[in-house]
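Fold and geometry: a report
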Amino acid sequence: MWIINNSLDVIRVLEEKQLSLNHVSTWDFSTLYTSLPHAQLKKQLHDLLERVFNTKGKSFIATNNFRTFWTNDRTSTRYTYFSCRELCLAIDFLIDNIYVRFGSSVFRQVIGIPMGTNSAPLLADLFLHTFEYDFMVKTMKQDITRAIQFSNTFRYIDDLFSANNVDFGNYITAIYPSELELKDTSTSSTEVCYLDTNIKTGENTPFRISIYDKREDFVFRIVNFPHMDSNIPANPAYGVYISQLVRYARICTSKVDFINRLRGLSLRLRQQGFETNLLQKSFNKFFTRHGLIVEKYGAALREMRLAIQA
């Protein structure tokens, strides 16, 4: 399955496989939500649900506000139960009853799904997964070497990242239906920006990953992070500093990249009224509470503390 929850899933897989990157590419579905044909969307989701129910070997899926589980018993009144057919009918009803009001007119949407509904990302995600699953199963039977190439593919809804697969672009029409347009958004074959990461093929290391922030591409300054002259408590404001450092440390594979981010964030916050000594205390709290960061950057502790004041 190519579906991921966030960029950390990509980093975890690359590190676990110790994959040496020699080619990278990113892709984006430019017409995903507006192009989903309802009949095909329902068919693909029906096939998926039937496969999952058969795999689980259970008759029902039970759910309430606190938990969801598979079961053969539907006697408890604390849960709502769905058989495979009932769940398929519920999804059909959801897709068939999308209405949009424009002025005094009401329209029923007959192709595509609106991005603003809470079910839209899940429907689109699972729709794409069904084609990817079928492609991988077919490829594994025909050419296991080719299937291994595609096993280093990651997708977050409509954003896709492929590692060490120069042929990915040649197989797009073999994976996805013609209604969906997939565009190459790669910076180059050795460097891409994917979600909040910048991923480069390795020179002295298998790969190099750092922070990517789309707001930095703008020619004007973006207003973000708290200002201490605003009417907010101090503790949550300094907590923002810690949370950003945790994110930087988890993503950056290079000490230099992390220190540069630390220096830039500290400077930005000092310009917005944060006190240097309190930033230092917050940094010490961040460093002592996260063992992974200590293990990853411990030798550079003095450089990091100097970066806060730089």
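Residues numbered from 1 in each chain as written. Predicted model: local features only at pLDDT ≥ 70, side-chain atom pairs only at ≥ 80, totals over all residues. Heavy atoms only, no water.

Where an unreviewed UniProt entry is consulted, the protein appears under the name Reverse transcriptase domain-containing protein, with the organism given as Porites lobata.

1. What about the overall build of the protein?
Stated precisely, the cut-off is as follows: Under the scheme used here, helices are H or I runs from DSSP no shorter than 4 residues and strands are E runs no shorter than 2 residues, and both carry numbers assigned from the N terminus. The classification of residues rests on relative accessible area computed with a 1.4 Å probe and restricted to protein chains. Under 20% of the type maximum is buried, over 50% is exposed, and intermediate values are partly exposed. Between two residues, a contact is recorded if the distance between any of their heavy atoms is within 4.5 Å. Here the open area of atoms and residues is found with the Shrake-Rupley method and a 1.4 Å probe, where only the protein chains shown may cover a residue. By the counting rule applied here, Lys and Arg register as positive and Asp and Glu as negative, while His and the ends of each chain are not counted. For charged residues, the charge sits on one atom: NZ in Lys, CZ in Arg, CG in Asp, CD in Glu.
Along the backbone of the protein there are twelve helices and twelve strands. The C-alpha extent of the protein, read off along each of the three principal axes, is 60 × 50 × 45 Å. In the protein, buried positions account for 43% of the 310 residues. Look at the contacts in the protein between residues 6 or more apart in sequence, and 66% of them connect residues 24 or more apart. Accessible area of the protein: about 17,600 Å², with a carbon and sulfur share of 52%. Across the protein, the mean location of the 36 positive side-chain charges is 7 Å away from that of the 31 negative side-chain charges.

2. Regarding the sheet that holds strand β3 (residues 68-71)
Working definition: the strands of a sheet are paired by backbone hydrogen bonds and lie parallel or antiparallel to each other. The criterion, for reference: By definition, two strands form a pair when at least two bridges between them are found by DSSP. A fitted line through C-alpha atoms represents every axis, and for helices the fit uses only the stretch in contact; the resulting angles, taken between N-to-C directions, go from 0 to 180 degrees.
The strand order across the open sheet built from three strands is β3-β2-β4, with neighbouring strands paired in antiparallel fashion. Each edge of the sheet is formed by a strand with only one pairing partner; in this case those strands are β3 and β4 (80-82). Neighbouring strand axes in the sheet, compared pairwise and without regard to direction, differ in orientation by 25 degrees on average. Along the sheet, helix α4 (residues 84-96) makes contact with β2 (60-63) and β4, crossing β4 at roughly 95 degrees.

3. So, the UniProt feature "domain: Reverse transcriptase" (unreviewed entry) in the protein
Keep this limit in mind: UniProt positions are given in the numbering used here, feature names are shortened, and annotations may be inferred rather than shown by experiment.
Mapped onto the present numbering, the UniProt feature "domain: Reverse transcriptase" (unreviewed entry) falls at residues 1-223. Secondary structure over residues 1-223 splits into 36% helix and 23% strand, and the C-alpha atoms at its two ends are 38 Å apart.

4. Examining the layout of surface pockets
Going by this rule: Definitions used throughout: a 1 Å grid over protein atoms alone; a cavity as a set of points that fits a 1.4 Å probe which cannot get out; a pocket as an open set with protein on both sides within 12 Å along at least five of seven lines; a lining residue as one with an atom within 4 Å of a point. Grid points are joined across faces, edges and corners, and a volume is the space filled by probe spheres set on the points.
Taken as a whole, the largest pocket spans an internal volume of roughly 670 Å³. Lining the largest pocket are 22 residues, and of these Leu49, Ile61, Leu87, Ile91 and Leu126 sit closest to its centre.

5. Digging into the nonpolar core
One recurring pattern in soluble globular proteins: nonpolar side chains tend to sit buried together. Operational definition: To define a nonpolar core, start from buried Ala, Val, Leu, Ile, Met, Phe, Trp, Tyr and Cys residues and group those joined through side-chain atoms within 4.5 Å.
Grouped together as the largest cluster of nonpolar side chains are 40 residues, with contacts concentrated most on Phe161, Tyr241, Leu262, Phe283 and Phe286. Tallying contributions element by element places helix α8 (residues 234-251) first for this core, with nine residues. If we skip the residues at most four places from it in the chain, Phe161 touches Val10, Val24, Ser25, Thr26, Asn152, Thr153, Phe154, Val192, Tyr194 and Ile199.

6. Describing the packing of aromatic side chains
Put simply, the test is: Centres within 6.5 Å make a pair out of two Phe, Tyr or Trp rings, where for Trp the six-membered ring is used; the pair is then stacked when the planes are under 30 degrees apart, edge-to-face when over 60, and tilted otherwise. Should the NZ of a Lys or the CZ of an Arg lie within 6 Å of a ring centre and within 35 degrees of the ring normal, that charge is described as sitting over the ring.
Counted under the stated rule, the structure contains 19 aromatic pairs. Ring plane angle 25 degrees and centroid distance 6.4 Å describe the contact between Phe258 and Phe286, whose orientation is recorded as stacked. Pair noted here: Phe258 is in helix α9 (residues 255-271) and Phe286 is in helix α10 (residues 276-289), with a separation of 28 residues, a long-range link. Taken individually, Phe258 and Phe286 each receive the classification buried, so the pair is uniform in this respect. Of the aromatic side chains, those joined through ring pairs into one cluster are Trp2, Trp27, Phe135, Phe150, Phe168 and Tyr171. A cation over a ring is seen here: Arg51 above Tyr133, with NZ or CZ 3.5 Å from the ring centre.

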